[in-house]
Protein chains: 2
Amino acid sequence: MGKLIDRVVVTPLAVIPLAAGDVMHAMKSSSSGYTGFGEAYFSCLAPGAMKGWKKHSRMTLNLVVPVGVVRFGIVDADTQEARLYQLGPQNYARLTVPPGLWMAFRSGSTETSIVLNLADIEHDPSEAETLAQDAMPFDWSAPVWIIGSEQVLAS
Amino acid sequence: MGKLIDRVVVTPLAVIPLAAGDVMHAMKSSSSGYTGFGEAYFSCLAPGAMKGWKKHSRMTLNLVVPVGVVRFGIVDADTQEARLYQLGPQNYARLTVPPGLWMAFRSGSTETSIVLNLADIEHDPSEAETLAQDAMPFDWSAPVWIIGSEQVLAS
């Protein structure tokens, strides 16, 4: 089985440069991390803002950030393990988060950032728990996981 | 059966206003126009730029514009029917385009626009034809379809 938090996966994605505007991959049905399609939605994030904490019991998240910079904090409350990831068009990747982990995300940009979630089930408030932003100890200034390097623990 | 171009559908989408950043719906597996998930990708569009013309033989496009303003021109080459749609966060909707129609899109913004395509098959260059931008007569200044009003012919 391995540890739940080790099932958090960052998959670098291709950006195809074009004069009329880049094409940026997000996910294919053959991609690692794809577990079905339930719903796609955007979550905008104002400069300085934070959303979360939230824990899903059934939804797998597949997160892509085409605009801005977003830091994602992920915590396994059972093992007290935590990780910090940073996504945006400059380090363009998809973050796969399995159910059972707490997640919050914070803006790292002076512009509005945009997160696309490609979720494997439709939105269902009964399958998510929430916690206040300050209810979860988390070191947002820890080293972030950088694409191509080893994953590092956030706290 | 009806006409192919009448299967082009615009579905208004919900935007949920939040202080930390809006949530903008894109598509659910139960949505009208959903015919399966093959691939999701972003196509950025520089100010003043145009992409197309392209015709898919198998792919159904589901297009959402969370940033900027984009005009989509759609042509049935067999019947010479054409339509013009304008999407962006200010008239936020999903545009479903069945296979067999020519499509091009043009920026209507001074910033880079972003188009999300939720396609029902993975990218396959063998199922798409292309035409030069000026090879298809099209009136980009025609009245656009506005959400909530009747669809209008572009030319």
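Structure: above.
What comes next concerns the included structure. The shown structure was predicted, so the numbers you read here are calculated from the model rather than taken from an experiment.

1. Notes on the interface of chain A and chain B
The interface is formed by 35 residues belonging to chain A together with 35 residues belonging to chain B. Between chain A and chain B, the buried area comes to about 2600 Å², and carbon and sulfur atoms account for 63% of it. Area buried by chain A at its contact with chain B is led by A:Ala20, A:Phe37 and A:Phe42, which between them contribute 26% of it. At the boundary of chain A and chain B, one finds 18 residue pairs in polar contact (both at pLDDT 80 or more). Residue assignment for the side of chain A that touches chain B shows that the elements contributing at least two residues are strand E3 (23–28), strand E4 (39–45), strand E5 (50–56), strand E6 (61–67) and strand E11 (113–119) of chain A. By residue number, the principal contributor to the side of chain A that touches chain B is E4(A), which donates seven residues. Looking at the side of chain A that touches chain B residue by residue, the class counts come to 24 nonpolar, six polar and five charged. Strand direction decides the pairing type here: E3(A) and strand E4 (residues 39–45) of chain B, joined by five bridges, are antiparallel. Paired with A:Met24 across the two strands is B:Phe42, which belongs to E4(B).

2. What about the pattern of salt bridges?
Residue and element names in this part refer to chain A. With the rule as written, the count across this model stands at eight salt bridges over all chains. In this structure, Arg58 engages Asp124 in a salt bridge whose closest nitrogen and oxygen atoms are separated by 3.1 Å. Taken together, the positions of Arg58 in the loop between E5 and E6 and Asp124 in the loop between E11 and strand E12 (128–130) put the pair 66 residues apart, joining distant regions of the chain. On the accessibility criterion, Arg58 (46% relative accessible area) is partly exposed.

3. Examining the nonpolar core
Counting residues in hydrophobic clusters, the biggest one holds 28 residues, and the most contacted among them are A:Phe42, A:Leu116, A:Leu118, B:Phe42 and B:Leu118. When residues of this core are traced back to their parent elements, those giving at least two are E3, E4, E6 and E11 of chain A together with strand E3 (23–28), E4, strand E6 (61–67) and strand E11 (113–119) of chain B. Ignoring sequence-local partners within four residues, the contact set of A:Phe42 consists of A:Ile114, A:Val115, A:Leu116, B:Asp22, B:Val23, B:Met24, B:Ala26, B:Phe42, B:Val64, B:Pro66, B:Tyr92 and B:Leu116.

4. Considerations on the sheet that holds E11(B)
Taking strand neighbours across the sheet as the criterion, the seven strands line up as E2(A)-E3(A)-E4(B)-E11(B)-E6(B)-E9(B)-E1(B) in an open arrangement whose pairing is antiparallel. With partners counted over all chains shown, the strands left at the sheet margins are strand E2 (15–16) of chain A together with strand E1 (9–12) of chain B, one partner each. Inspection of the sheet shows E2(A) paired to E3(A) by two bridges, in the antiparallel sense. If you follow A:Ile16 over to E3(A), its bridge partner there is A:Val23.

5. With respect to the packing of aromatic side chains
The final tally for this structure, using the stated rule, is 11 aromatic pairs over all chains. Ring centres of A:Trp53 and A:Trp140 lie 6.0 Å apart, and the angle between their planes is 40°; this geometry places the pair in the tilted category. Residue A:Trp53 is found in strand E5, and its partner A:Trp140 is found in the segment after E12; the two are separated by 87 residues along the sequence. By the burial criterion, A:Trp53 is buried, and A:Trp140 matches it. Taken together through their ring pairs, the aromatic side chains of A:Tyr34, A:Phe37, B:Tyr34 and B:Phe37 make up a single cluster.

6. Topic: the environment of B:Ile114
Its place among the elements puts B:Ile114 in strand E11. Accessibility expressed as a relative area gives 5% for B:Ile114, which makes it buried. Taking C-alpha positions, B:Ile114 is 6.2 Å from B:Leu45, a pair spaced 69 residues apart along the chain. Excluding residues that lie within four positions of it along the chain, B:Ile114 makes contacts with A:Pro66, A:Val67, B:Phe42, B:Ser43, B:Cys44, B:Val64, B:Val65, B:Pro66 and B:Val67.

Parameters at a glance
Counting starts from 1 at the beginning of each chain's written sequence and moves along it residue by residue. As a convention, the first chain written is A and the first ligand written is 1, with the rest following in written order. Reporting of local features is limited, given that this is a predicted model, to residues whose pLDDT is at least 70; pairs of side-chain atoms are given and counted only at 80 or more, and all residues count toward the totals for whole chains, interfaces and linings. No hydrogens and no water enter the side-chain calculation; it runs on all heavy atoms of the structure. Should any heavy atoms of two residues lie within 4.5 Å, those residues are counted as being in contact. The quantity reported as buried area is the accessible area (1.4 Å probe) lost by two parts once they are put together, taken as the sum for both. Pairs of N or O atoms within 3.5 Å make up the polar contacts considered here, provided that, within protein, one atom can donate a hydrogen while the other can accept it, and that residues adjacent in sequence are counted only when both atoms are side-chain atoms. Per the convention used, a helix needs a DSSP run of H or I reaching at least four residues, while a strand needs a run of E reaching at least two, with both numbered from the N terminus. Three residue categories are used. Nonpolar comprises Ala, Val, Leu, Ile, Met, Phe, Trp, Tyr, Cys and Pro, charged comprises Asp, Glu, Lys and Arg, and polar comprises the others, including Gly. Strands were regarded as paired on the criterion that DSSP finds at least two bridges between them. The salt bridge definition used is simple: a Lys or Arg side-chain nitrogen within 4 Å of an Asp or Glu carboxyl oxygen. Burial here depends on accessible area, computed with a 1.4 Å probe over protein chains only, as a share of the maximum for the residue type. Under 20% is buried, over 50% is exposed, and the range in between is partly exposed. Remark: nonpolar core denotes a set of buried residues (Ala, Val, Leu, Ile, Met, Phe, Trp, Tyr, Cys) joined through side-chain atoms within 4.5 Å. Under the pairing criterion, centres of Phe, Tyr and Trp rings, with the six-membered ring standing for Trp, must be within 6.5 Å; the plane angle then separates stacked pairs below 30 degrees from edge-to-face pairs above 60, leaving the rest tilted.

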